[in-house]
Amino acid sequence: MKAVDTNIIVRYVTQDDPSQSPIAEHFLLTNECFISDTVLLETAWVLRSSYRMRRKDLAATLRDILRLPSVCVADRDLVEWAIHRFEAGADFADMMHILGGRDTDGFVSFETNLAGLAGSSSPIPVETLA
């Protein structure tokens, strides 16, 4: 299994480079690939900021990537949770940060609405510091 970089996923999704896109697609479809939480986070950021992908389309794209038989992530259920919360209006980075703390007692922030955006299904308690 090989870990892949954001640029591989972006080339696969956007098909915007006639040279690299087919290589990225072939690699992702024919090799066992690990996509780290940080690569997923950067992929979402690139697709939103550089390619102006809408929230709904980005959520669907991230799910499509996870459904590739060759793709493995650290915790598929939690990544699906983060995508779902993002689709419902949360910031994907915030949800991935919460997911990143999955082995801790909780997540703290000054962001007053973060616990609500994370929802009752948050993998760890979210607390607002005052």
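Residues numbered from 1 in each chain as written. Predicted model: local features only at pLDDT ≥ 70, side-chain atom pairs only at ≥ 80, totals over all residues. Heavy atoms only, no water.

### Here we look at the overall build of the protein
Now for step 1: Broken down by element type, the protein carries seven helices and five strands.
Now for step 2: The N-to-C order of helical and strand elements in the protein reads β-α-α-β-α-α-β-α-α-β-α-β.
Now for step 3: Taken over C-alpha atoms, the radius of gyration comes to 15 Å for the protein, in line with the 14 Å a tight globule of 130 residues would show.
Now for step 4: With the principal axes as the frame, the protein shows a C-alpha extent of 50 × 30 × 20 Å.
Now for step 5: Expressed as a percentage of its 130 residues, the buried residues of the protein come to 40%.
Now for step 6: When contacts within the protein are restricted to residue pairs at least 6 apart in sequence, those whose partners lie at least 24 apart make up 53%.
Now for step 7: Accessible surface for the protein amounts to roughly 7200 Å². Of this, 52% is attributable to carbon and sulfur atoms.
Now for step 8: Here the protein contributes 12 positively and 19 negatively charged side chains, and the mean placements of these two sets differ by 7 Å. (Helix = DSSP H or I, 4+ residues; strand = E, 2+ residues; numbered from the N terminus. Rg over C-alpha atoms; globule rule 2.2 N^0.38 Å. Buried < 20%, exposed > 50% of the residue type's maximum accessible area, 1.4 Å probe, protein only. Contact = heavy atoms within 4.5 Å. Areas by Shrake-Rupley, 256 points an atom, 1.4 Å probe, with all protein chains shown as cover. Lys, Arg positive; Asp, Glu negative; His and termini not counted. Charge placed at Lys NZ, Arg CZ, Asp CG, Glu CD.)

### Section: helix H6 (residues 92-100)
Now for step 1: Considered for burial, the residues of H6 that qualify are Phe92, Asp94, Met95, Met96, Ile98 and Leu99.
Now for step 2: On its buried face, H6 is in contact with helix H3 (37-49), helix H4 (55-67), helix H5 (76-87), strand E4 (107-109), helix H7 (114-118) and strand E5 (126-128).
Now for step 3: Near the N-terminus of H6, the side chain that reaches the backbone nitrogen of alanine 93, with its oxygen 3.2 Å away, is that of aspartate 91. (Polar contact = N/O pair within 3.5 Å; in protein donor to acceptor, adjacent residues only side chain to side chain.)

### As for the side chain of threonine 61
Now for step 1: Position of threonine 61 relative to the elements: it lies in helix H4.
Now for step 2: Of the residues examined, threonine 61 reaches a relative accessible area of 15% and is grouped as buried.
Now for step 3: Side-chain polar atoms of threonine 61 contact the backbone oxygen of aspartate 57, separated by 2.8 Å.
Now for step 4: The contact partners of threonine 61, leaving out residues within four places of it in the chain, are Val13, Leu47 and Met53.

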